[in-house]
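Residues per chain, in single letters:
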Amino acid sequence: MTPVSTHASSLGRLNHVAIAVLDAVKAARIYGALGAKVSAPVPLPEHGVITVFVDLPNTKIEFIEPLGDSSPIAKFLERSPDGGIHHLCYEVTDILAARDRLVQEGARILGDGEPRIGAHGKPVLFLHPKDFSGALIELEQA
Ligand code: CO
């Protein structure tokens, strides 16, 4: 049987699930009540969001709140003012190799196609939901 992928850049663990909300600190509070470790809010002006991280043993929940007038999550929150799952982030060993492979397969990379530094100080890319079963996907170099 031929493996589906033999490429060296392999898909790794689920780094985080991002939930868009109007107030990230407030949203994370209930996780703190359940005993999870909750971070202080971290503004990411380059991404137009404020983030609050909830550390779980096997992944993170990342609450994202709009920052500034042209936040990329503003439209999402107009449609879902109570909040909702916004994207999933998977780790990859080599983000440029992963990107090139996806482009070869006809997948669409959002923005200018170049990785930007994400919430954890590592290069990230966002992939079009139409290529991923309706889910917005973030890749983060592990
Ligand atoms: Co993210």
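Cut-offs used in this document
Residues numbered from 1 in each chain as written. Predicted model: local features only at pLDDT ≥ 70, side-chain atom pairs only at ≥ 80, totals over all residues. Heavy atoms only, no water. Donors = N, O, S within 2.8 Å, 3.2 Å for Na, K, Ca; no water. Helix = DSSP H or I, 4+ residues; strand = E, 2+ residues; numbered from the N terminus. Buried < 20%, exposed > 50% of the residue type's maximum accessible area, 1.4 Å probe, protein only. Lys, Arg positive; Asp, Glu negative; His and termini not counted. Salt bridge = Lys/Arg side-chain N within 4 Å of Asp/Glu carboxyl O. Contact = heavy atoms within 4.5 Å. Phe/Tyr/Trp six-rings, centres within 6.5 Å; stacked < 30°, edge-to-face > 60°.

(A) The coordination of the cobalt ion, seen in detail. Distances from the cobalt ion to its protein donors, H16 (NE2), H87 (NE2) and E138 (OE), fall at 2.0 to 2.1 Å. Counting residues between consecutive donors of the cobalt ion along the chain gives the motif H-x70-H-x50-E. Taken together, the residues H16 in strand β1 (residues 11-20) and H87 in strand β6 (residues 84-92) connect sequence positions 71 residues apart. Like H87, H16 is buried.

(B) Seen up close, the side chain of E62. Checked against the element boundaries, E62 lands in strand β5 (residues 60-66). K60 is the oppositely charged side chain nearest to the buried, salt-bridge-free E62, at an N-O distance of 6.8 Å. Contact partners of E62, with chain neighbours within four places excluded, come to H16, V17, A18, I19, T51, V52, F53, H87, A119 and H120.

(C) Structural view of the packing of aromatic side chains. One pass over the full model with this rule turns up 1 aromatic pair. Consider the rings of Y31 and F63, whose centres lie 5.4 Å apart with planes at 70 degrees: the pair is edge-to-face. Of the two residues, Y31 sits in helix α1 (residues 24-33) while F63 sits in strand β5, which places them 32 residues apart along the sequence. Y31 sits in the partly exposed class, given a relative accessible area of 24%.

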